[in-house]
Amino acid sequence: MKKQLFLALLIILLSLSISMVSAQDDVVELEFVNWIGSEEATAEDLEAMLAAFEEANPDIRVNNVPLPFPESGNQLLVRSLGGNPPDISMTHTAWVGPLIEAGVLMDLTDVILNQDDYFPFALESGIVDGKLNYVTWAPSPTIVYYNINLLADAGYDSPPETWAEMMEMSEAVAALNDDTYGFVMETASAANAGFYFLGNIMSYYGADLFDEDGNVALDSPETVEAYTFAMDLFDRGISPTGNVLRNTRELFSQNHAAFYRDGEYGVGIIEALNPEMVFGEDFGVILLPGDEAGVPTPTFYIEHQLAIYEGTEHVEEAARLIDFLTGPEGIAIYNDFGGFKLPVRESSANIDFYSAPENAFMGTFIEAMDTANALPGEQPTFGALMITLAEGLQRVGIIGEDPATVVPELAEEVIDILDE
Amino acid sequence: MTTQTSLPPKKVAKLSSRKRRDMIFALVLLIPAFVVLGVTVFYPIIDGIRISFLDYTLRTRLNPLWNEFENYIELFQDGDIQQYFRTTLIYVVSVISIEFVIAISLALMLNSKFVPGRNILRGLFMISWVIPNIVAALLWVWLLQPQYGVVNYFMSDLLGIVEPNQNWTQDPNLAMVSIIIATIWRQMPLMLIMFLAGLQSIPDSLLEAARIDGANQWNLVRRIILPLMSPVIATTILLVTINNFQMFVIPWQMTQGGLVDRTTTLAIATYKEAFLEFDSGKGAAIGVMWLLSLVVISAFVNWYISRTSWRKNNG
């Protein structure tokens, strides 16, 4: 009797475990590499988004693999070249180029769901040689943050409407004392110092890295003007030299800088750096001014992107995850947690978050997207190119070299880097 | 009278076969270590040397072609390798020489019985050694920060000996100095502890005898302490040289090789070529030059150590 009972129990247990295993077999596991899961400010957002996705898609389980942002690009490249790519990952303008060049990203042209719902830029910036390498998840146009307190100290009660006004105010704020600056720029040997210069200052002067045919166009009178402007700014103490973006944000948040440039996430960062700084009361945002009031200078945007990898067996499931994250439900969760992300789809733009009065500032960023340009992030050596531009700033701003001599040399360096 | 003993031929054969078996057993035990070393050290080095002769970029990686020493030719033609080597030498020699003077002075002080609380001081001096390089670098970035840094607060606001908001890590003359200071601060305890160990091995009786013969403190250091410590000094310098030739984290974190390549050491140059410009061939070529220079310098220091020991052993 005991033996029979034991056997019956054994059979039940076996059949239970077999059914559990087969049930697990029905669930596809997607490996999703990202950096927002490694950052305290956004880890919770991501967990909530993935939980909602899994609830809506019970046949998919997402294996969330967070990597720190500075290591993400190289780690993804190395593991993909080693034949062990993830199914899907976040990518970024600053380092997606090498992944495209290495051919490890899948062509998403026929993979992305609901393509009609996407704003054109979200499906266009990832196209290289006819292949769609990624879709934009969250674009971040760079606009100008102004410090209401410092402008008031210098006698101004409203933000500038033109470039000339911004420079006049900058000069006035810098003259307040030794520790205050006007329009602050970064010069450290970092890619973002280069692309802020390219996307804003060179843009104002009509200079560019490449011409319409893709040839290097750096060696131009407009670029010399842009570097001369920067040199003047440093020489007159309107901007300090040697800053990385982190230093600039600190200066601004401690009421030591009148203007700096940042994406929409800057609002949260400034308030976190100095809880006494309140958006709307102590600081605000404007579009990068132009020569005429109401006609802004075209700025640039960087992107958080989503890419699927060659070799994945779960293309359809990965496409569903992208659809969810870029769609209204995903973006609503992201924003509810304070992520301040811009929509890339028509349906996502209609969520309540964007029409709420307390989020009115997001309108300035949405407006900036009208004229914002994508950066040449598809270049595999994008990082090196941007550091070259930043080194140009060091040469004119710190070493004091003549911009007219520096610019042709920078252009040669750019050509060398591209040749390699 | 001498007694000659010889083992019978049978026993000799037995011994030699046991010896052979022991040898085989020892080799079998060593195999895992050799495999691990081969896979993690020798294979990457050999592959690195191979890649340094190829046109090996992201685009060409699947079919890299021999490029007729182009990577090396470019490095020498542009003068890049000479500049990186010079920068590395300035960095390594400055760090070692300054560190040596500080460490030997502190070691002599901490070895003296007349210094109160020397055990506590020894512990305190070790603090920076337990801090990881990355943390030490970030700490110094903050200390040297132009607007809020403690260094500028003391040197500019309080003492007025440097300009307000002095930018240490982005100044053409001070960027390297900043890195050297941070490295010395981080590494000095290693030298200190080695020198302390060396000092403690010198017999007191020897120093006492020299004092009785009329030697003053300077003569004691010059004629007895330093010569007796020379093997320790040489070994320590070899270790610190290798350590600093390989140093990447502190310079990279503090200046990323700037200002305009003025702090680009061989380690940083290799990284930039391989992971910013994605030219692995040229990156590997810099790596090979880096390896060769390290081998030459290590060989020189080793030769110096053996020469010193030979002299000591032969009076």
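No experiment lies behind these values; they were computed from the predicted model shown. (Residues numbered from 1 in each chain as written. Chains lettered and ligands numbered in written order. Predicted model: local features only at pLDDT ≥ 70, side-chain atom pairs only at ≥ 80, totals over all residues.)

Asker: Can you help me understand the overall build of chain B in this one?
Answerer: A tally of regular secondary structure across chain B gives 13 helices and two strands. In chain B, buried positions account for 30% of the 315 residues. Sequence separation of 24 or more characterises 70% of the internal contacts of chain B that already satisfy a separation of 6 or more. (Helix = DSSP H or I, 4+ residues; strand = E, 2+ residues; numbered from the N terminus. Buried ≥ 20, exposed ≤ 12 C-beta atoms within 10 Å, placed from the backbone. Contact = placed C-beta atoms within 7 Å.)

Asker: Teacher, can you tell me more about the overall build of chain A here?
Answerer: The helix and strand inventory of chain A stands at 18 helices and twelve strands. Along the first, second and third principal axes, the C-alpha set of chain A runs to 95 × 50 × 40 Å. The buried share among the 420 residues of chain A stands at 49%. A fraction of 74% describes how many contacts in chain A between residues 6 or more apart in sequence connect residues 24 or more apart.

Asker: Whenever I open this one, the nonpolar core confuses me. Can you help?
Answerer: As a rule of thumb, soluble globular proteins bury nonpolar side chains together. By size, the foremost hydrophobic cluster in this structure holds 125 residues, and its most contacted members are Phe 197, Ala 230, Ala 258, Phe 259, Leu 306 and Leu 321 of chain A. Contacts of Leu 321 of chain A, omitting those with residues within four sequence positions, involve Leu 30, Phe 32, Phe 53, Val 62 and Ile 88 of chain A. If you look at the next biggest cluster of nonpolar residues, it comprises 53 residues, including Ala 103, Ala 175, Met 229 and Ala 267 of chain B. (Core = buried A, V, L, I, M, F, W, Y, C linked by C-beta atoms within 7 Å.)

Asker: Help me understand the interface of chain A and chain B in this model?
Answerer: Many analyses report the size of an interface as the accessible area lost when the parts associate. Listed as interface residues are 28 residues of chain A and, on the opposing side, 23 residues of chain B. Of all the elements in the fold, those that place two or more residues in the side of chain A that touches chain B are helix H4 (96-102), helix H10 (245-253) and helix H17 (382-399) of chain A. Ranked by the residues each element gives to the side of chain A that touches chain B, the list is headed by H17 of chain A, at eight residues.

Asker: Is there a simple way to think about the packing of helix H8 (residues 191-204) of chain A against H17 of chain A in this case?
Answerer: For any two helices packed against each other, the geometry is given by the interaxial angle and the distance between the axes. Residue and element names in this part refer to chain A. Remark: H8 packs on H17, axes separated minimally by 7 Å, with the N-to-C direction vectors making an angle of 75 degrees. Relative to H17, the element H8 is oriented roughly perpendicular. Along its contact with H8, which presents Ala 191, Ala 193, Gly 194, Phe 195, Phe 197 and Leu 198, the element H17 presents Gly 383, Met 386, Ile 387, Thr 388, Leu 389, Ala 390 and Leu 393. Residue classes in the contact of H8 with H17 are distributed as ten nonpolar, three polar and no charged. (Axes fitted to C-alpha atoms, helices over the stretch in contact; angles between N-to-C directions. Parallel < 35°, antiparallel > 145°, perpendicular 65-115°, else oblique. Nonpolar A, V, L, I, M, F, W, Y, C, P; charged D, E, K, R; others polar.)

Asker: Would you take a moment to explain the pairing of strand E9 (residues 257-262) of chain A for this structure?
Answerer: Put simply, side chains in a regular strand alternate between the two faces of the sheet. All names here are of chain A. Here E9 lies mainly inside the structure; six of its six residues are buried. Of the strand pairs in this sheet, strand E7 (residues 143-147) and E9 are connected by four bridges, and their pairing is antiparallel. In the sheet register, Tyr 146 faces E9, and the bridge partner there is Phe 259. In the sheet, strand E8 (residues 181-183) pairs with E9 via two bridges, with the strands oriented parallel. By the bridge assignment for E9, Tyr 181 is matched with Ala 257. (Pairing = 2+ DSSP bridges.)

Asker: In this structure, what is going on with the sheet that holds E7 of chain A? I would like to understand it.
Answerer: All names here are of chain A. Sheet architecture is open: four strands sit in the order E8-E9-E7-E10, paired in mixed fashion. Two strands in the sheet have a free side with no partner beyond their single neighbour: E8 and strand E10 (283-286). The average undirected angle you get between the axes of adjacent strands in this sheet is 30 degrees. Both E7 and E10 contribute to a ladder of four bridges, which runs antiparallel. Paired with Tyr 146 across the strands is Gly 284, a residue of E10.

Asker: Any chance you could explain unusual backbone geometry here in plain terms?
Answerer: What you tend to see is this: most non-glycine residues have negative phi, and most peptide bonds are trans. Leu 259 of chain B follows Gly 258 of chain B through a cis peptide bond whose omega is 5 degrees. Its place among the elements puts Leu 259 of chain B in the loop between helix H11 (249-255) and helix H12 (266-275). With a phi angle near 60 degrees, Asn 255 of chain A is a residue other than glycine that sits in the positive phi range. Relative to the helices and strands, Asn 255 of chain A is located in the loop between H10 and E9. Take Asn 255 of chain A: there are 19 C-beta atoms within 10 Å of it, and that puts it in the partly exposed class.

Asker: Which parts of the structure should I look at to understand H10 of chain A?
Answerer: Since one α-helical turn is 3.6 residues long, residues separated by three or four positions face the same way. Residue and element names in this part refer to chain A. Every buried residue of H10 is listed here: Asn 247, Thr 248, Arg 249, Leu 251, Phe 252 and Ser 253. Taken together, the buried residues of H10 touch E7, E8, E9 and helix H11 (266-273). Of the residues one or two after H10, Asn 255 is the one with positive phi, at around 60 degrees.

Asker: Teacher, can you tell me more about the environment of Val 406 of chain A here?
Answerer: Residue and element names in this part refer to chain A. Looking at the element boundaries, Val 406 is found in helix H18 (residues 403-419). Accessibility expressed as a C-beta count within 10 Å gives 21 for Val 406, which makes it buried. Measuring from C-alpha to C-alpha, the distance between Val 406 and Leu 418 comes to 18 Å, with twelve residues separating the pair along the chain. Discounting chain neighbours no more than four positions away, the residues touching Val 406 are Tyr 227, Gly 392, Arg 395, Val 396 and Glu 401.

Asker: I'm lost on the pairing of strand E6 (residues 135-141) of chain A in this one. Help?
Answerer: Residue and element names in this part refer to chain A. Counting buried positions over the seven residues of E6 gives seven, a clear majority of the element. By the bridge criterion, six bridges tie E6 to strand E11 (residues 300-308) in an arrangement that is antiparallel. Within E11, the position partnered with Pro 141 by the bridge is Tyr 301.

Asker: Mind showing me how you'd approach the environment of Asn 84 of chain A here?
Answerer: Residue and element names in this part refer to chain A. Here Asn 84 lies in the loop between helix H3 (69-81) and strand E3 (88-92). Its 11 C-beta neighbours within 10 Å are what place Asn 84 among the exposed residues. Between the alpha carbons of Asn 84 and Thr 312 there is a distance of 9.7 Å; along the sequence they are 228 residues apart.

Asker: Explain the environment of Met 362 of chain A to me, please; I cannot follow it from the model alone.
Answerer: Residue and element names in this part refer to chain A. Note that Met 362 resides in helix H16 (residues 362-368). For Met 362, a count of 21 C-beta atoms within 10 Å corresponds to the buried category. Separated by 123 residues in the primary sequence, Met 362 and Ser 239 have C-alpha atoms spaced 27 Å apart. Residues in contact with Met 362, not counting those within four places in the same chain, are Glu 264, Phe 340 and Tyr 354.

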